[in-house]
Amino acid sequence: MSGIVFRGVYDGVGELALRRLDPDADAEIVHAWVTHPKAVFWMMGDADVAEVAEEYRRIVAHPHRDAYLGLVNGRPAFLAERYDPARVELAGRYDERDGDVGMHFLCAPTGTPVHGFSRAVITTVLEMLFADPAVRRVVVEPDVRNTAVHALNAAVGFEVVGVIAKPEKEALLSVCTRERFHAASVAAGVRGEGIHR
């Protein structure tokens, strides 16, 4: 697979890989995901394909943001974003530290859920981020109402810092250190065999 920046293999799920998102080529599939009712917290429910493409053009062109399309066994299945929380999303809203990186992820909606899939996705994204030796903590700010992602974040090692106000939502600020992530992954036996490029 060309353009792959990270890949991992997970028992029961298979090979998960990330490549840089192409805002135009990937717009239709990403649009289907971000406008699905299960993606309500993504806040793009009313966007059309052109608006989704434009939003991701802005993200990939931004000096402090990146977007990735996630593949499971070679098929598109999740979305991930990386950002500098000291400069975008959380600038001035939290106690920033050197080595912080922000993250968003979204699993594609499916009618046939696979046990452990969401855990494999977030683990893959975190392994990709922590493969950069400069990254010390991953920072997330999901909507306070998104209880499913709070439980998943806790399972992979995130600690809650507190509720913060953002223009678009009340967010549950949480952070995960490299050490807490690796301890949680080893304890759960879900760490992938990562290959980073």
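Before reading on, note that the structure itself is shown above.
My aim in this report is to walk through the structure given alongside it, one point at a time. (Residues numbered from 1 in each chain as written. Predicted model: local features only at pLDDT ≥ 70, side-chain atom pairs only at ≥ 80, totals over all residues. Heavy atoms only, no water.)

## A short note on the side chain of Lys169
Piece 1. With respect to the helices and strands, the residue Lys169 is situated in strand E8 (residues 169-177).
Piece 2. Note on Lys169: relative accessible area 13%, which makes it buried.
Piece 3. What Lys169 contacts, discounting residues up to four positions off in sequence, is Met43, Glu141, Pro142, Asp143 and Ile164. (Helix = DSSP H or I, 4+ residues; strand = E, 2+ residues; numbered from the N terminus. Buried < 20%, exposed > 50% of the residue type's maximum accessible area, 1.4 Å probe, protein only. Contact = heavy atoms within 4.5 Å.)

## Describing the pattern of salt bridges
Piece 1. Applying the stated rule across the entire model yields 18 salt bridges.
Piece 2. Across the salt bridge formed by Arg7 and Glu15, the nearest N and O atoms sit 3.8 Å from each other.
Piece 3. In this structure, Asp84 and Arg87 form a salt bridge, with 2.6 Å as the shortest nitrogen-oxygen distance.
Piece 4. Under the relative-accessibility criterion, Asp84 is labelled buried at 18%.
Piece 5. The exposure class of Arg87 is exposed, given its relative accessible area of 53%. (Salt bridge = Lys/Arg side-chain N within 4 Å of Asp/Glu carboxyl O.)

## With respect to the environment of Val60
Piece 1. Mapped onto the secondary structure, Val60 falls in helix H2 (residues 49-61).
Piece 2. With 42 residues separating them in the primary sequence, Val60 and Leu18 have C-alpha atoms 15 Å apart.
Piece 3. When residues no more than four places from it in sequence are discounted, the contact partners of Val60 are Leu21, Pro23 and Ala67.

## As for H2
Piece 1. Along its 13 residues, H2 runs 18 Å from first to last C-alpha, staying within 8% of the 18 Å computed at 1.5 Å per residue.
Piece 2. Taken together, the buried positions of H2 are Val52, Ala53, Tyr56 and Ile59. Viewed end-on, H2 has its buried residues packed into an arc of 120°, placing them on one side of the element. Exposed and oriented more than 90 degrees from the buried face of H2 are Ala50 and Ala61.
Piece 3. Elements that come into contact with the buried residues of H2 comprise helix H1 (27-34), strand E3 (65-72) and strand E4 (75-83).
Piece 4. The opening residue of H2, the one whose side-chain oxygen lies 3.2 Å from the backbone nitrogen of Ala50, is Asp48. (Expected span 1.5 Å × (residues − 1). Arc of directions from axis to C-beta. Polar contact = N/O pair within 3.5 Å; in protein donor to acceptor, adjacent residues only side chain to side chain.)

## What about the layout of surface pockets?
Piece 1. Computed from the structure, the largest pocket encloses a volume of approximately 1200 Å³.
Piece 2. Considering the residues around the largest pocket, the lining is formed by 41 residues, among which Trp42, Phe105, Leu106, Cys107 and Asn146 are closest to the centre.
Piece 3. Taken together, the elements giving at least two residues each to the lining of the largest pocket come down to H2, E3, E4, strand E5 (100-107), helix H3 (117-130) and helix H4 (147-155).
Piece 4. Among the elements that line the lining of the largest pocket, the one with the most residues is E5, at 5 residues.
Piece 5. Partitioned by chemical class, the residues of the lining of the largest pocket number 25 nonpolar, 6 polar and 10 charged. (1 Å grid on protein atoms, 1.4 Å probe; cavity = no way out; pocket = protein on both sides within 12 Å on 5 of 7 lines; lining within 4 Å. Points joined across faces, edges and corners; volume = space filled by probe spheres on them. Nonpolar A, V, L, I, M, F, W, Y, C, P; charged D, E, K, R; others polar.)

## What to know about the packing of aromatic side chains
Piece 1. One pass over the full model with this rule turns up 1 aromatic pair.
Piece 2. Consider the rings of Phe130 and Phe181, whose centres lie 5.6 Å apart with planes at 25°: the pair is stacked. Of this pair, Phe130 sits in helix H3 while Phe181 sits in helix H5 (residues 178-188), and the two are 51 residues apart along the sequence. Each member of the pair, Phe130 together with Phe181, is buried. (Phe/Tyr/Trp six-rings, centres within 6.5 Å; stacked < 30°, edge-to-face > 60°.)

## A short note on the pairing of strand E1 (residues 4-10)
Piece 1. Within E1, 6 of the 7 residues are buried, which leaves it mostly tucked inside the rest of the structure.
Piece 2. Inspection of the sheet shows E1 paired to strand E2 (residues 14-20) by 6 bridges, in the antiparallel sense. Bridging from a neighbouring strand, Phe6 pairs with Leu18 of E2.
Piece 3. Taking the residues that link successive antiparallel strands as the turn, the E1-E2 hairpin has 3 residues, and the phi of Gly12 there is positive, at about 85°. (Pairing = 2+ DSSP bridges.)

## Some points on the nonpolar core
Piece 1. Among the nonpolar cores identified, the biggest contains 33 residues, and Met103, Leu126, Val138 and Phe158 are the most heavily contacted of them.
Piece 2. Secondary structure elements with two or more residues in this core: E1, E2, E3, E4, E5, H3, strand E6 (137-140) and H4.
Piece 3. A per-element tally of this core places H3 first, with 9 residues.
Piece 4. If we ignore the near neighbours within four places in the chain, the residues touching Val138 are Val101, Met103, Leu126, Leu129, Phe130, Phe158, Ser174, Val175 and Cys176.
Piece 5. Counting residues in each nonpolar core, the second largest holds 19 residues, with Leu21, Trp33, Val34 and Leu106 among its members. (Core = buried A, V, L, I, M, F, W, Y, C linked by side-chain atoms within 4.5 Å.)

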